[in-house]
Amino acid sequence: MSSKELSIEQALDKMEQEWELLQFETIFHKNTGTHLLKAGEDVVQLLQDHIVMMQSMSSSPYSEMFQARISKWENKLCLTQEVLENWQLCQSKWLYLDPIFSCNHIKKQIPLESKRYQDMEHIWSTIMNSAKTNPKLIQLCPDFRLLDSLRKCGTLLEQIEKGLNEYLETKRCAFPRFYFLSNDNLLEILSHAKDPTSIQPFFAKIFENIARVTFEEDLRISEMWSKEGAMIPFYEPLYPKGGVEVWMQEVERVMRLSVKDSLKRALKSYSTTPRSEWVISWPGQVVIAASQTYWTTEVAHAIKTGSLDKYCEQLHAQLGDLIQLVRGEPTPLQRIIITTLIVIDVHAKNIVEKLMKEGV
């Protein structure tokens, strides 16, 4: 035997010894009572290195007497690699889906996917138990029956994910603002559908600048709050009844009515309350909308009566009042409203001055 042939034999012997020592690392998954595969990067790298080595040996002119052995190990390693890839893919999907199908509410909503999940979980438990019973990696993995089982699991998981996505799509079609949420966020809401308050952390994603709503002890929703702390009471009582996508439509409807009602009352109050008091008595959105409404009306009246000069003086005075107000001790929320209104009032005054210059 030449030195080249000897080196090939020694390399094969060393490789076989390495694989004989390798065992599965499994960790107990307390939520399900089963085990999880822990295949480290070192195992994956070793597989790739040895497959490349087998391919290199196979093409060597000195490997003729070892061809059967090389071919056997190349096939065994390639099958092991495919099994581990499918195993890890199935495990990652299973870990994602398991908390979802632990929720009875969601299981009732998608019975077909729940049945498929049960079938998949039965196969999965059998696979993981076999890994626990026979932890030697090179004995368990090169098995076409195991690969077929993992592929079946993978197919079932794909069907389950597809059905789950279709289920989420029905919820988003019913309440389109759910499109602002990721699948994980929406699933978290749906899995806690019996507890309406569980949606609270997601209001800021569903509605622009709505941080939360107020749930009373009887679950009546009574107020909505902005991130800055502005509050608008709900125009009518609202109780979360039915599916979350149903009562959230009602929340959106009552939100619009509530803003509309606040705006009506603010417009009515504008003419009877000193403006410096009125500004800090209403939410910022209402203050800006009502103020601009009155400015438009007053400008139109001033143009008709030819009194733009007097109205410009009024705007100067109003701006001065706001400046005095912001120099006082307003709350952080009041300061935001006042400074925003000052910017708009300066722009409004400049427009009126321009109209005067152009002789309108």
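Every chain's residues receive numbers from 1 upward, in the order its sequence appears when written. Residue-level local features of this predicted model are given only where pLDDT is at least 70; pairs of side-chain atoms are given and counted only at 80 or more, and the full residue set underlies all totals for whole chains, interfaces and linings. Processing note: side-chain calculations cover all non-hydrogen atoms of the structure and skip hydrogens and water entirely.

**Q** What should I look at first to understand the overall build of the protein in this one?
**A** Helix numbering and strand numbering both begin at the N terminus, where a helix is a DSSP run of H or I of at least 4 residues and a strand a DSSP run of E of at least 2. Per the secondary structure count, the protein includes 14 helices and five strands. Note on method: radius of gyration uses C-alpha positions; expected globular size equals 2.2 Å times residues raised to 0.38. For 360 residues, the compact-globule estimate of 2.2 N^0.38 gives 21 Å, and the protein exceeds it by more than 25% at 35 Å. In this scheme, a residue with accessible area under 20% of its type's maximum is buried, one over 50% is exposed, and one in between is partly exposed, where area comes from a 1.4 Å probe on protein chains only. Counting over 360 residues, the protein shows a buried share of 39%. Whether two residues are in contact is decided by their heavy atoms: any pair within 4.5 Å suffices. Excluding contacts between residues fewer than 6 apart, the proportion of contacts in the protein whose partners are at least 24 apart in sequence is 61%. The Shrake-Rupley method, run with a 1.4 Å probe sphere, supplies the accessible areas, and residue values consider only the shown protein chains as cover. If you sum the accessible surface of the protein, you get close to 20,000 Å²; carbon and sulfur atoms cover 53% of it. Only four residue types enter the charge count: Lys and Arg as positive, Asp and Glu as negative, with His and the chain ends excluded. Lysine's charge is taken at NZ, arginine's at CZ, aspartate's at CG and glutamate's at CD. For the protein, the centre of its 41 positive side-chain charges and the centre of its 47 negative side-chain charges are spaced 6 Å apart.

**Q** What's the story with the packing of aromatic side chains in this structure? I'm lost.
**A** Each aromatic ring pair is characterised by the separation of its centres together with the angle its planes make. For this analysis, a ring pair means two rings from Phe, Tyr or Trp (six-membered ring only for Trp) whose centres lie within 6.5 Å, classed as stacked if their planes differ by under 30 degrees, edge-to-face if by over 60, and tilted for the remaining angles. The final tally for this structure, using the stated rule, is seven aromatic pairs. Here Y270 and Y294 contribute two aromatic rings whose centre-to-centre distance is 4.2 Å and whose plane-to-plane angle is 20°, an arrangement assigned as stacked. Here Y270, found in helix 10 (residues 244–270), pairs with Y294, found in helix 12 (residues 284–305); they are 24 residues apart in sequence, far enough to count as distant. On the basis of relative accessible area, Y270 is assigned to the buried category, the value being 10%. The structure contains a cluster of three or more aromatic residues connected by ring pairs, namely F175, F178, F203 and F207. Consider the ring centre and the ring normal. A charge sits over the ring if Lys NZ or Arg CZ is within 6 Å of that centre and within 35 degrees of that normal. The ring of W73 has K76 lying over it, and the distance from NZ or CZ to the ring centre is 4.6 Å. Of note, R212 hangs over the ring of W225, and the distance from its end group to the ring centre comes to 4.6 Å.

**Q** Sorry if this is basic, but what is going on with the state of the cysteines here?
**A** Working definition of a disulfide: a covalent bond connecting the sulfur atoms of two cysteines. Here, the term disulfide refers to a pair of cysteine sulfur atoms separated by no more than 2.5 Å. Taken as a whole and judged by the stated rule, the model has zero disulfides. C141 takes part in no disulfide bond, and the closest cysteine sulfur to it belongs to C90, at a distance of 13 Å. The class for C141 is buried, based on a relative accessible area of 0%.

**Q** Please explain helix 1 (residues 3–21) as it appears in this structure.
**A** Quick reminder: α-helices carry 3.6 residues per turn. Residues three or four places apart thus point the same way. Multiplying 1.5 Å by the residue count of a helix minus one yields the expected span of that helix. Helix length check: helix 1, at 19 residues, gives a terminal C-alpha distance of 27 Å against a target of 27 Å (1.5 Å per residue), a fit within 8%. Turning to helix 1, its buried residues are E5, I8, L12, M15 and W19. Across the axial projection of helix 1, the buried residues extend over an arc of 90°, all falling on one side. Along helix 1, the residues that are exposed and aim more than 90 degrees away from the buried face are S3, K14, Q17 and L21. On its buried side, helix 1 packs onto helix 2 (41–58), helix 3 (67–97) and helix 6 (137–140). Note: the arc covers the axis-to-C-beta directions of the helix.

Nothing here speaks to function; it is geometry throughout.
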